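Each chain, written out:
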Amino acid sequence: MRSPGRFLLFVLLVIIGVKLSEQAYALVAFRDERAQARDLRARLGQTGVDLVFARTREDSLRTAIKAQDVELERDLQIVRRFHREARQGMTPRRHAEYSAQLARYNAQVVARNEVLRRFEALHHRHQAAATRYNLLADSLHALAVKMGQPYYQVPTALEAAEEHRQREAAADGP
């Protein structure tokens, strides 16, 4: 007479054997895909670093532009007052003040436009990095699906950047 315990043990060993054979097959069959996944993950990390850097720098420039805009608006009001006053006539001393204020305002506009150009360049860099990141993330996910892992977690840009920094720090050694 057979005992149910032995039968359950046999079934359990068969299930374990099947799972181990699946794992061994996946290890051999997807060797190239795993190498591709490691490469994609490394490129995703570098792109994450670029994306985070561009976003952080873009945010700081956006704050600087807003501060410059407030100052420009204040100075524009002063220049407009001078314009209204100029219609009625100005003394030479008042005209010199007006010229100095207008030169100051124009210099501020030039400086703001330079910051804006840097901001636009960073914005384009950010957009390019975001596009590159999304393409790499999609490729990594598609590769994971091909390897039979449809629920593979692709890291966010911030997580990828942190993983990349940790790998770089480990590679540099103590």
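Undergrad: What is the right way to read the packing of aromatic side chains from this model?
TA: In this description, an aromatic ring pair is defined by two values, namely the gap between the centres and the angle between the planes. Evaluated as defined, the whole model comprises one aromatic pair. Taking 5.5 Å as the distance between ring centres and 55 degrees as the angle between the ring planes, the aromatic pair formed by F82 and Y98 counts as tilted. Remark: Y98 occurs in helix α3 (residues 92–146) and F82 occurs in helix α2 (residues 31–87); sequence separation between them is 16 residues. For the residue pair F82 and Y98, the accessibility class agrees, reading buried in each case.

Undergrad: Even after reading the chapter, I still don't get the environment of A42, so can you show me in this structure?
TA: Assignment of secondary structure puts A42 in helix α2. The exposure class assigned to A42 is partly exposed, which follows from its relative accessible area of 34%. A42 sits 96 residues away from D138 along the chain, and the two C-alpha atoms are 14 Å apart.

Undergrad: Would you mind showing me how to read a positive patch on the surface here?
TA: Together, R80, R81, R84 and R87 give the surface a local cluster of positive charge. Among the secondary structure elements, R84 is positioned in helix α2. Relative accessible area serves as the criterion here: at 45%, R84 is assigned to the partly exposed category.

The rules we used
- Residues numbered from 1 in each chain as written.
- Predicted model: local features only at pLDDT ≥ 70, side-chain atom pairs only at ≥ 80, totals over all residues.
- Heavy atoms only, no water.
- Phe/Tyr/Trp six-rings, centres within 6.5 Å; stacked < 30°, edge-to-face > 60°.
- Helix = DSSP H or I, 4+ residues; strand = E, 2+ residues; numbered from the N terminus.
- Buried < 20%, exposed > 50% of the residue type's maximum accessible area, 1.4 Å probe, protein only.
- Patch = residues over 30% accessible without salt bridge, like charges linked within 9 Å, V, L, I, M, F, W, Y side chains within 5 Å.
- Areas by Shrake-Rupley, 256 points an atom, 1.4 Å probe, with all protein chains shown as cover.
- Salt bridge = Lys/Arg side-chain N within 4 Å of Asp/Glu carboxyl O.
- Lys, Arg positive; Asp, Glu negative; His and termini not counted.
- Charge placed at Lys NZ, Arg CZ, Asp CG, Glu CD.

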